[in-house]
Amino acid sequence: SLPAKLINGGIAGLIGVTCVFPIDLAKTRLQNQQNGQRMYTSLSDCLIKTIRSEGYFGMYRGAAVNLTLVTPEKAIKLAANDFFRHHLSKDGKKLTLLREMLAGCGAGTCQVIVTTPMEMLKIQLQDAGRIAAQRKLMAAQAHIPSAPAAPAAEPAVETRPTATQITRELLRSKGIAGLYKGLGATLLRDVPFSIVYFPLFANLNKLGQKDPNVKAPFYVSFLSGCVAGSTAAVAVNPCDVIKTRLQSLQRGVNEDTYSGILDCTKKIWQREGPTAFFKGAYCRALVIAPLFGIAQVVYFVGIAEFLLDMLPKRQA
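Under an unreviewed UniProt entry, the chain has the name Mitochondrial glutamate carrier 1 and belongs to Helopsaltes ochotensis. Recorded in UniProt for the chain, the comment headed Subcellular location (unreviewed entry) runs: "Mitochondrion inner membrane". Per UniProt, the comment on the chain under Sequence similarities (unreviewed entry) is "Belongs to the mitochondrial carrier (TC 2.A.29) family."

Rendered as structure tokens:
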């Protein structure tokens, strides 16, 4: 049923995001680094420096936005794919690869309604620590003397905007369109991702089914989700780099600004080289693999059906 699908998708998203969010934060910071003042050299270097400067919970900056919106996002994505697959197979025939890709395309298109504002807010929160650390380092390198403070004065505390403050400012200055900055780049990433991911997962999952009418074991669904997710993630990583750069409202020292997808692509290619389009690719694969593996296990095992069955039945 649709309620069960939505519950399954939501639970899957919550579990997955909680497990892999620190890697996603490292991915965003690595992708936003441009030639010049580079703060991090690798995934492990980024996480270690984040813990040192921002504490353990610094790795979860922006997680609240994801945990709030990932439920409708994953629910829409998984339920929409099922919806399109159902309607594309009404003639009773097995879905062709083209129809499976069309179903994935429909799912990817539907999910950007939630994905774009979620990613927009998450990126600002995730990248704030990198920009703050970069500015401190530049000031230290320039040997800028700090202003003398009164003996009783408390040290200045760096304040960082919250998701609510960012949302209010964007709505005030740009309206609802402010939250949908980078919509085109998000579509450019999510639609091809779904076109690759859903058919690949469906066919890998079928390999573990002994009977077409019986679900594959949970470990098959998990491994199929991991393989399909990481493959699709790496394939569309150039689009993810462009989307991340376009949605970042603040820049570090001497970092480029972009006017659109073509301008961003051109500047990255010319100033950073083609390898820059694969920044954070291994981080993204590490994020997506368990995220979608967990998501597919929860979704296909059907936790929602179990929870709904436990509700007291009304007496006839």
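There's plenty left to go through after this.
Chemist: Which residues make up the overall build of the chain, and what values do they have?
Modeler: The helix and strand inventory of the chain stands at eleven helices and zero strands. In the chain, the order of α-helices and β-strands from amino to carboxyl end is α-α-α-α-α-α-α-α-α-α-α. Burial analysis of the chain (316 residues in total) assigns 48% to the buried set. In the chain, the share of contacts with a sequence separation of at least 24, taken over all contacts with a separation of at least 6, comes to 81%. Accessible surface, the chain as shown: approximately 16,100 Å² in total, 66% of it carbon and sulfur.

Chemist: Can you explain the pattern of salt bridges? Please cite residues and give values.
Modeler: Applying the stated criterion across every chain, the model contains 17 salt bridges. Across the salt bridge formed by Glu-169 and Arg-172, the nearest N and O atoms sit 2.6 Å from each other. Taken as a pair, Glu-169 and Arg-172 lie in helix H5 (residues 163-174) at a separation of three residues, close to a single helical turn. Classification of Glu-169 as partly exposed rests on a relative accessible area of 38%. A salt bridge links Asp-190 to Arg-189; its shortest N-O distance comes to 2.7 Å. For Arg-189, a relative accessible area of 4% translates into the label buried.

Basis of the calculations
- Residues numbered from 1 in each chain as written.
- Predicted model: local features only at pLDDT ≥ 70, side-chain atom pairs only at ≥ 80, totals over all residues.
- Heavy atoms only, no water.
- UniProt positions renumbered as here; feature names shortened; annotations may be inferred.
- Helix = DSSP H or I, 4+ residues; strand = E, 2+ residues; numbered from the N terminus.
- Buried < 20%, exposed > 50% of the residue type's maximum accessible area, 1.4 Å probe, protein only.
- Contact = heavy atoms within 4.5 Å.
- Areas by Shrake-Rupley, 256 points an atom, 1.4 Å probe, with all protein chains shown as cover.
- Salt bridge = Lys/Arg side-chain N within 4 Å of Asp/Glu carboxyl O.

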